[in-house]
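Geometric and topological summary
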Protein chains: 2
Amino acid sequence: MAQIGKQSLKFEHAPCILAAASVVGTKEGEGPLGKLFDMVGADDKFGEDTWEEAESALQKQAATLAIGKAECKPQDIRYIFGGDLLGQSIATTFGLASFQIPLFGLYGACSTAGESIMLAAMAVAAGYGDQVLAVTSSHFASAEKQFRFPLEYANQRPLSATWTVTGSGAFVIGSGKGKAKVAGATPGRIVDYGIKDSQNMGAAMAPAACDTIYQHLTDFGRKPEDYDRIVTGDLGYVGQEILIKLLREKGVDIQKQHMDCGIEIYDRASQDTHSGGSGCGCSAVTLASYLLPRIEQGEYKRILFVPTGALLSTVSFNEGHPVPGIAHGVVLEQA
Amino acid sequence: MAQIGKQSLKFEHAPCILAAASVVGTKEGEGPLGKLFDMVGADDKFGEDTWEEAESALQKQAATLAIGKAECKPQDIRYIFGGDLLGQSIATTFGLASFQIPLFGLYGACSTAGESIMLAAMAVAAGYGDQVLAVTSSHFASAEKQFRFPLEYANQRPLSATWTVTGSGAFVIGSGKGKAKVAGATPGRIVDYGIKDSQNMGAAMAPAACDTIYQHLTDFGRKPEDYDRIVTGDLGYVGQEILIKLLREKGVDIQKQHMDCGIEIYDRASQDTHSGGSGCGCSAVTLASYLLPRIEQGEYKRILFVPTGALLSTVSFNEGHPVPGIAHGVVLEQA
């Protein structure tokens, strides 16, 4: 039985991430992780005419590369679990159509990176596929257009704002030996703290990250020390402070283990990204390029990877709704 | 091993649909299936201020009712698989947040009804949950605003257009005995025939339905006669004709078995819905109210339920992209 505790899963025969790929834009290429990414675009249009097409191109490249690294062909991939931030997930539709692989389309805002890996692992562990692909993407320009203002408007960004990562991370998950085991998962619930500032996603998502991490530790009967790192997706500096405080109020201190992909991906002093990076691509490319190699080399024996999502659209926001959060936790262990 | 053929799954211990609920708007209540729905709203706002909130209310009611019919409490439902048509799936976010159940957010356009039932059944069959909820919704007014024109604009609708169903269908899927077995599934691929008419969704989706049905029959080694009905989601009259023709070209004749939820749900002569009904809610409420009781009573021993989705956003459409389709097939058998 894979069920553990109230809302988690522990895989008896844990699937592995067989291969991972990261493709990013220019700003990410200039950041602290720049040299670790598989591909950095020459410019952020990736040879396309529109920002949305650029994001599709990014996703297609990442998926292609991951399939290649796994020494597979597209026909060896039984299913894809994929998604992005755009309305009706168009980056995914037009990015993945040509592979001709059955697709489970997902939407969990920036938490989709965790949702896709989790569902892919659940499918493999149940024997539904020998190799399954999880892929997500985000693009700074398509996201600004979707959620905030067109770039041409040149709006000022408050210091609480994060910078949407231009990037796509793709993961081939299978039953063979690979870079890391997907040992367990804690799918998250929607948590609504009533945050109404759409330029402060860190504050909107931190309560959801707290809920998922706390429930995960409870379900597995573990402490923060049982993890080398507890890695959130894109809380940024603002959200990190809130998360650590909220968990302390519940008697859990993750200060020593906590890492946030949104903090790691840009240089705060020189890149003017304010609270940090965000987007489905943020946690996905950081996992593919930075975290996975450390697990593979044994520097991390076990991490909890918790992509965080802010659930809003311009419609819900303009109709006065708050921005609830959701966070999905994935346990990754040395294979 | 659950894998069968190139892209299908056959469950050794098939999960069951334990309970189902349908909640619809006034027009659906006046249609041929009107008396079969569990609840018909007094008006299409469902007591809310906006169309989006109305759709959330619809989804919450359907989920509540299905959980109650299954004689469960929300805390007995381990996971929800849910989605809708709106950008960033806001109907689902604000409809399901209060249940406090871990959520896998999905997007497959109108095929989401199939995707959610399929993934819920996969989760139950693998032992990931004893009771899992699949829920989807659509609302005529929120969909028109999202994809076409505000209702106040009073645009003319071409005869090829379908009418988005105001409705939500929810299904509790579990390992116990229920109304119908989810015996197998054929997750679909994106199929792009280059259709660029956003007012002709039937033509955009029919090739995807053809692809999934053909692959399903191939994977399972079956013929159309092995099914009492092959039920597509929302092709309407225009799409039905194309689907039957496309399958005949491949040597498969489903004329006798074919049924389309979009054709069943409205009265063509009196309801002015042109090609028929559409939306995630269309196939979901038709399954819950009309098809499932027929399976339970033994009138249908086995059906193939194939919700169909048109993958577009106003952005992709206005940037000149075609409308690809996707269709997910679910085998439902007498329990």
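Just above, that's the structure.
Quick summary incoming for the structure in this document. (Residues numbered from 1 in each chain as written. Chains lettered and ligands numbered in written order. Predicted model: local features only at pLDDT ≥ 70, side-chain atom pairs only at ≥ 80, totals over all residues. Heavy atoms only, no water.)

**A short note on the pairing of strand β3 (residues 16-24) of chain B**
All names here are of chain B. A large share of β3 lies buried, amounting to eight of its nine residues. Note: β3 against strand β9 (residues 167-174), eight bridges, orientation antiparallel. Within β9, the position partnered with V24 by the bridge is G167. When β3 meets strand β10 (residues 180-186), the two strands line up antiparallel, connected through two bridges. Considered in β10, the bridge of I17 is made with A180. (Buried < 20%, exposed > 50% of the residue type's maximum accessible area, 1.4 Å probe, protein only. Helix = DSSP H or I, 4+ residues; strand = E, 2+ residues; numbered from the N terminus. Pairing = 2+ DSSP bridges.)

**Focus: helix α5 (residues 140-147) of chain A**
All names here are of chain A. Among the eight residues in α5, six count as buried, and that is most of the element. Within the sequence span of α5, burial applies to F140, A141, S142, A143, E144 and F147. The elements touched by buried residues of α5 are α2 (51-69), β7 (131-138), β8 (163-164) and α11 (314-318). (Contact = heavy atoms within 4.5 Å.)

**Brief notes about the relation of the copies chain B and chain A**
Superposition of the two copies of the chain requires a rotation about an axis together with a shift along that axis. Once chain B has been moved 0.0 Å along the axis and rotated by 180 degrees, it coincides with chain A to within an RMSD of 0.0 Å. The symmetry that links the two subunits is that of a two-fold axis. Of all interface residues in chain B, 100% are interface residues in chain A too; the two copies therefore contact each other through one and the same surface. (Least-squares fit on C-alpha atoms with pLDDT ≥ 70 in both.)

**A word on helix α10 (residues 280-296) of chain B**
Residue and element names in this part refer to chain B. Compared with an ideal rise of 1.5 Å per residue, which puts 17 residues at 24 Å, α10 spans 23 Å between its outermost C-alpha atoms and is within 8% of the ideal. The largest bend along α10 reaches roughly 45 degrees and is located at L287. Once α10 ends, the next one or two residues include G298, with phi positive near 85 degrees. (Expected span 1.5 Å × (residues − 1). Bend = angle between axes of the 7 residues up to and from the residue.)

**With respect to the packing of helix α4 (residues 112-125) of chain A against helix α10 (residues 280-296) of chain A**
All names here are of chain A. As a packed pair, α4 and α10 sit with axes 8 Å apart at the nearest point and diverge in direction by 55 degrees. In terms of axis orientation, α4 runs oblique to α10. Across the interface between the two elements, T112, A113 and I117 from α4 touch C280, S283, A284 and L287 from α10. Split by residue class, the contact of α4 with α10 holds five nonpolar, two polar and no charged. (Axes fitted to C-alpha atoms, helices over the stretch in contact; angles between N-to-C directions. Parallel < 35°, antiparallel > 145°, perpendicular 65-115°, else oblique. Nonpolar A, V, L, I, M, F, W, Y, C, P; charged D, E, K, R; others polar.)

Keep in mind these values describe shape, not function.
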